[in-house]
Amino acid sequence: MDTLLSQAEYHDVPVPLPREIVEKSVRKRSGGGKASVAGFGVDGTAGSDFEYQSTYSLEPREKATVSKVIDSLIAQQAVKVSPDEQTALSKDDLVEIEGEARITAASLAGKMFFIFRRLMLAQDSSDLDNLFNIDAADPRVAEQIKQVYLDNELLPIPLLLELTGSSLPQRVYVNVRPDFFIDDASANRVEGEMRVLGSVSRLIDAEQYFSAETWLLHDWEFLMKRLLMTRVEDSVREAVEAMAPMGVDLPTEDVHAYISGPAVVVDAIALY
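Keep in mind it's a predicted model, so treat the numbers as computed, not measured.

S.K.: Help me understand the overall build of the chain, please; the structure alone is not making it clear to me.
M.R.: Within the chain, the secondary structure is distributed over six helices and twelve strands. Relative to its 272 residues, the chain shows a buried fraction of 38%. Pairs at least 24 residues apart make up 74% of the contacts formed inside the chain by residues separated by at least 6 positions. With the model as given, the accessible surface of the chain reaches about 16500 Å², and the carbon-plus-sulfur share is 50%.

And the structure:
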């Protein structure tokens, strides 16, 4: 929401704001009774008028605010809608791309590495080999896996989605920040047909590669990432091969340790 409103401010798009509502009502109070002066009766029921005022704030609904801001950004041509091979893309461009989203192998492995790291910290272990050789039958490991894959625990790590079937000729990847989800929303809502509004964060040319360490080893120290990334590729491939007998059919050219070009990475602002 903060990123979307920042884009609205940058492009001078009006944003629905809270409205102060003031209600007024007038009540008449009766004076009552009669007074007699020198034989004449005077009616004393004129009374006084009393004004009552109440004030309250009417907040715009978040869903309506998001829709209005996105529509306004598109109307002002601040967003490149359904870009194709004729569209010149640059870093930080706002784009709206439609396709079929799915979680990549890099993010599936990233979840496992996060679980293993959490276990290593709990055990005060300094042996990095444990990150790649933890026994899945260990009760502590099984409990962590249950929390993530059965209880759908939302981990504080970014997700890397691939968006297939778009109008762009290169492969499209979507980065979803760990604070993207609200309340009970979780990763089970980011797969399937959808549109993505976001900003271009990375353009990867043909024959180029971009490390997937952001999604594999989130929150690890820089030098530790360098050390571990030399071994991650084989570990991710083994994990993908282990999932195949369970019916998890991931593409052979999926993201493991690197994103290969030509590709574009988009930082998600909204998925709908």
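Further notes follow.
S.K.: Help me understand a negative patch on the surface in this model?
M.R.: A contiguous patch of negative charge on the surface is contributed by E98, E100, E191 and E193. Counting through the fold element by element, E98 comes out in strand β6 (residues 94-103).

S.K.: Hey, could you run me through the pairing of strand β12 (residues 263-271) in this one?
M.R.: If a strand is regular, its side chains alternate between the two faces of the sheet. Among the nine residues of β12, seven are classified as buried, and the element is accordingly described as predominantly covered. Bridge count between strand β8 (residues 171-176) and β12: five bridges; the pairing is parallel. Counted as the bridge partner of V172 is V264 from β12.

S.K.: Mind showing me how you'd approach the pattern of salt bridges here?
M.R.: A side chain of one charge can pair with a side chain of the opposite charge when the charged atoms of the two come close. Per the counting criterion, the structure on display carries six salt bridges. With a closest N to O distance of 3.8 Å, K91 and D92 form a salt bridge. Among the residues examined, D92 registers a relative accessible area of 53% and is labelled exposed. Across the pair R102 and D254 runs a salt bridge whose closest N-O atoms are separated by 2.9 Å. Residue R102 is located in strand β6, and its partner D254 is located in the loop between α6 (222-243) and β11 (258-260); the two are separated by 152 residues in the primary sequence. We classify R102 as buried; its relative accessible area is 16%. According to the relative accessible area criterion, D254 is buried, its value standing at 7%. The network of salt bridges with common partners includes R102, E162, R171 and D254.

S.K.: Help me out: how do you make sense of helix α1 (residues 2-10) in this one?
M.R.: Because each turn of an α-helix spans 3.6 residues, side chains separated by three or four positions end up pointing in the same direction. Listed in full, the buried residues belonging to α1 are L4, Q7 and A8. In an axial view of α1, the angular spread of the buried residues amounts to 100 degrees, which keeps them on one side of the axis. For α1, the exposed residues lying more than 90 degrees away from the buried face are D2, E9 and Y10. Contacts made by the buried residues of α1 are with α2 (62-75), β6, β9 (192-204) and β12. Two residues or fewer after α1 comes D12, characterised by a positive phi angle close to 55 degrees.

S.K.: Is there a simple way to think about unusual backbone geometry in this case?
M.R.: The omega angle of the peptide bond from G261 to P262 is 0 degrees, so this bond is cis rather than trans. You can see P262 is positioned in the loop between β11 and β12. Not every positive phi belongs to a glycine, and S82 is a case in point at roughly 50 degrees. Position of S82 relative to the elements: it lies in the loop between β5 (79-81) and β6. Owing to a relative accessible area of 39%, S82 belongs among the partly exposed residues under this scheme. For D219, which is not a glycine, the phi torsion comes out positive at approximately 75 degrees. Along the chain, the position of D219 falls in the loop between α5 (213-216) and α6. Relative accessible area serves as the criterion here: at 57%, D219 is assigned to the exposed category.

S.K.: Sorry, what's going on with the nonpolar core here?
M.R.: As a rule of thumb, nonpolar side chains are buried together in soluble globular proteins. With 54 residues, the main nonpolar core has F113, L216, L217, V232, V236 and I259 as its most contacted residues. It is helix α3 (residues 105-122) that contributes the most residues to this core, ten residues altogether. Residues in contact with L217, not counting those within four places in the same chain, are F113, K225, L228, M229 and V232. Core analysis: the next-biggest nonpolar cluster, separate from the first, contains twelve residues, A8, L73, L197 and A270 among them.

S.K.: How should I be thinking about the environment of R27 in this particular structure?
M.R.: Tracing the chain through its elements places R27 in strand β1 (residues 19-29). The exposure class assigned to R27 is exposed, which follows from its relative accessible area of 54%.

What counts and what doesn't
- Residues numbered from 1 in each chain as written.
- Predicted model: local features only at pLDDT ≥ 70, side-chain atom pairs only at ≥ 80, totals over all residues.
- Heavy atoms only, no water.
- Helix = DSSP H or I, 4+ residues; strand = E, 2+ residues; numbered from the N terminus.
- Buried < 20%, exposed > 50% of the residue type's maximum accessible area, 1.4 Å probe, protein only.
- Contact = heavy atoms within 4.5 Å.
- Areas by Shrake-Rupley, 256 points an atom, 1.4 Å probe, with all protein chains shown as cover.
- Patch = residues over 30% accessible without salt bridge, like charges linked within 9 Å, V, L, I, M, F, W, Y side chains within 5 Å.
- Salt bridge = Lys/Arg side-chain N within 4 Å of Asp/Glu carboxyl O.
- Lys, Arg positive; Asp, Glu negative; His and termini not counted.
- Charge placed at Lys NZ, Arg CZ, Asp CG, Glu CD.
- Pairing = 2+ DSSP bridges.
- Arc of directions from axis to C-beta.
- Core = buried A, V, L, I, M, F, W, Y, C linked by side-chain atoms within 4.5 Å.

That's the geometry; what it means functionally is another story.
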